[in-house]
Amino acid sequence: MKKRCIVLFAAAMLFSSGAVYAADLTAGGDVTANGGVEVTGTKTGGSTSSIGKLSNNVKLGVRYDTQTYAFTTKHSMGSKKYGSSSGDTKLFYLDEDKTVDLSAPSASDSSAFTSWTVL
(Lines give C-alpha, C1' and ligand atoms only; values in the text may rest on other atoms or scores of the structure.)
Protein backbone atom coordinates (compact mmCIF):
# COMPACT_ATOMS: atom_id res chain seq x y z
CA MET A 1 0.00 0.00 0.00
CA LYS A 2 2.84 2.39 0.83
CA LYS A 3 4.35 1.88 -2.63
CA ARG A 4 1.02 2.61 -4.31
CA CYS A 5 0.75 5.84 -2.31
CA ILE A 6 4.25 6.82 -3.42
CA VAL A 7 3.36 6.16 -7.06
CA LEU A 8 0.13 8.12 -6.81
CA PHE A 9 1.95 11.01 -5.11
CA ALA A 10 4.60 11.05 -7.84
CA ALA A 11 1.90 10.97 -10.50
CA ALA A 12 0.03 13.82 -8.85
CA MET A 13 3.23 15.86 -8.69
CA LEU A 14 3.94 15.37 -12.37
CA PHE A 15 0.37 15.72 -13.61
CA SER A 16 -0.23 18.90 -11.63
CA SER A 17 2.99 20.52 -12.79
CA GLY A 18 3.00 19.40 -16.43
CA ALA A 19 1.39 22.52 -17.86
CA VAL A 20 3.67 24.74 -15.83
CA TYR A 21 6.98 23.53 -17.22
CA ALA A 22 6.16 21.79 -20.50
CA ALA A 23 7.20 24.76 -22.63
CA ASP A 24 10.67 24.84 -21.03
CA LEU A 25 11.57 21.18 -21.69
CA THR A 26 13.74 20.16 -24.59
CA ALA A 27 12.95 17.12 -26.72
CA GLY A 28 14.39 13.75 -25.71
CA GLY A 29 15.31 14.63 -22.15
CA ASP A 30 15.49 12.14 -19.32
CA VAL A 31 16.07 12.50 -15.60
CA THR A 32 16.70 10.02 -12.80
CA ALA A 33 16.45 11.35 -9.25
CA ASN A 34 17.58 9.59 -6.09
CA GLY A 35 15.59 9.24 -2.89
CA GLY A 36 15.33 12.33 -0.71
CA VAL A 37 15.64 14.75 -3.65
CA GLU A 38 13.24 17.69 -3.71
CA VAL A 39 11.26 18.03 -6.93
CA THR A 40 10.68 21.63 -7.99
CA GLY A 41 8.97 23.40 -10.86
CA THR A 42 9.45 26.82 -12.42
CA LYS A 43 6.45 28.81 -13.57
CA THR A 44 6.59 30.75 -16.80
CA GLY A 45 8.00 34.08 -15.80
CA GLY A 46 10.31 32.93 -13.13
CA SER A 47 9.36 31.75 -9.68
CA THR A 48 10.44 28.26 -8.62
CA SER A 49 8.40 26.35 -6.08
CA SER A 50 8.60 22.98 -4.38
CA ILE A 51 6.35 20.25 -5.79
CA GLY A 52 7.37 17.55 -3.33
CA LYS A 53 10.22 15.44 -2.05
CA LEU A 54 11.01 11.82 -2.85
CA SER A 55 10.93 9.46 0.10
CA ASN A 56 14.22 7.97 1.26
CA ASN A 57 15.34 5.09 -0.98
CA VAL A 58 12.72 5.89 -3.66
CA LYS A 59 13.99 6.79 -7.12
CA LEU A 60 12.09 8.57 -9.87
CA GLY A 61 12.87 8.28 -13.58
CA VAL A 62 11.32 10.59 -16.18
CA ARG A 63 11.60 10.74 -19.98
CA TYR A 64 9.97 13.65 -21.75
CA ASP A 65 9.70 15.64 -24.92
CA THR A 66 7.85 18.89 -25.59
CA GLN A 67 4.43 17.17 -25.70
CA THR A 68 4.53 14.06 -23.46
CA TYR A 69 6.27 12.46 -20.50
CA ALA A 70 6.48 9.08 -18.81
CA PHE A 71 7.77 8.32 -15.33
CA THR A 72 8.82 5.33 -13.24
CA THR A 73 9.41 4.90 -9.52
CA LYS A 74 11.06 2.17 -7.49
CA HIS A 75 12.12 1.66 -3.88
CA SER A 76 15.76 0.57 -3.63
CA MET A 77 14.77 -2.49 -1.57
CA GLY A 78 11.67 -3.29 -3.64
CA SER A 79 11.07 -5.74 -6.45
CA LYS A 80 8.37 -3.75 -8.27
CA LYS A 81 8.74 -0.77 -10.53
CA TYR A 82 5.70 1.49 -11.11
CA GLY A 83 5.03 3.87 -13.96
CA SER A 84 2.59 5.92 -15.99
CA SER A 85 2.55 8.57 -18.70
CA SER A 86 0.95 11.93 -19.42
CA GLY A 87 -1.40 10.49 -22.04
CA ASP A 88 -2.61 7.52 -19.99
CA THR A 89 -4.88 7.18 -16.98
CA LYS A 90 -3.48 3.75 -16.09
CA LEU A 91 -0.77 2.90 -13.58
CA PHE A 92 1.55 0.06 -14.56
CA TYR A 93 3.94 -2.17 -12.63
CA LEU A 94 6.77 -4.52 -13.50
CA ASP A 95 8.29 -7.20 -11.27
CA GLU A 96 12.06 -7.26 -11.37
CA ASP A 97 15.01 -8.26 -9.25
CA LYS A 98 15.78 -6.02 -6.26
CA THR A 99 19.31 -5.47 -7.58
CA VAL A 100 18.12 -3.81 -10.82
CA ASP A 101 18.58 -0.04 -10.57
CA LEU A 102 15.93 2.38 -11.83
CA SER A 103 16.44 4.28 -15.05
CA ALA A 104 14.24 6.63 -17.02
CA PRO A 105 11.49 4.98 -19.13
CA SER A 106 12.37 3.88 -22.67
CA ALA A 107 9.89 6.34 -24.25
CA SER A 108 8.08 9.54 -23.27
CA ASP A 109 4.63 8.02 -23.72
CA SER A 110 2.70 4.88 -22.75
CA SER A 111 4.64 2.78 -25.29
CA ALA A 112 7.29 2.52 -22.53
CA PHE A 113 4.91 0.20 -20.66
CA THR A 114 3.78 -2.28 -23.35
CA SER A 115 5.18 -5.31 -21.49
CA TRP A 116 4.11 -4.09 -18.02
CA THR A 117 1.01 -5.15 -16.03
CA VAL A 118 -1.86 -2.69 -15.48
CA LEU A 119 -2.76 -2.07 -11.81
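Each remark here, short or long, concerns the structure printed above.
Residues numbered from 1 in each chain as written. Predicted model: local features only at pLDDT ≥ 70, side-chain atom pairs only at ≥ 80, totals over all residues. Heavy atoms only, no water.

## With respect to the overall build of the chain
Secondary structure assignment for the chain yields one helix and eight strands. For the chain, the succession of helices and strands along the chain, N to C, is α-β-β-β-β-β-β-β-β. Looking at the chain residue by residue over its 119 residues, the buried ones come to 39%. Long-range contacts, defined as pairs at least 24 residues apart, comprise 54% of the intrachain contacts of the chain with a sequence gap of at least 6. Only carbon and sulfur atoms are counted for the fraction: they give 53% of the accessible area of the chain, which is about 6,600 Å². (Helix = DSSP H or I, 4+ residues; strand = E, 2+ residues; numbered from the N terminus. Buried < 20%, exposed > 50% of the residue type's maximum accessible area, 1.4 Å probe, protein only. Contact = heavy atoms within 4.5 Å. Areas by Shrake-Rupley, 256 points an atom, 1.4 Å probe, with all protein chains shown as cover.)

## A closer look at the packing of aromatic side chains
Under the criterion given, the structure shown has two aromatic pairs. Here the aromatic rings of Phe92 and Phe113 are separated by 5.1 Å at their centres, their planes lie at 10°, and the arrangement is stacked. Of this pair, Phe92 sits in strand E7 (residues 92–95) while Phe113 sits in the loop between E7 and strand E8 (117–118), and the two are 21 residues apart along the sequence. Residue Phe113 is classed as buried on the basis of its relative accessible area, which comes to 2%. Their ring planes at 80° and their centres at 4.8 Å tell us that Phe113 and Trp116 sit as a pair that is edge-to-face. In this structure, Phe113 and Trp116 share a single accessibility class: buried. Feature note: the residues Phe92, Phe113 and Trp116 constitute an aromatic cluster, connected by ring pairs. (Phe/Tyr/Trp six-rings, centres within 6.5 Å; stacked < 30°, edge-to-face > 60°.)

## Quick word on the side chain of Ser108
Residue position: Ser108 is located in the loop between E7 and E8. Assessed through its relative accessible area of 12%, Ser108 is described here as buried. Those residues in contact with Ser108 that sit more than four places away from it in its chain are Arg63, Tyr64, Asp65, Thr68, Tyr69 and Ala70.

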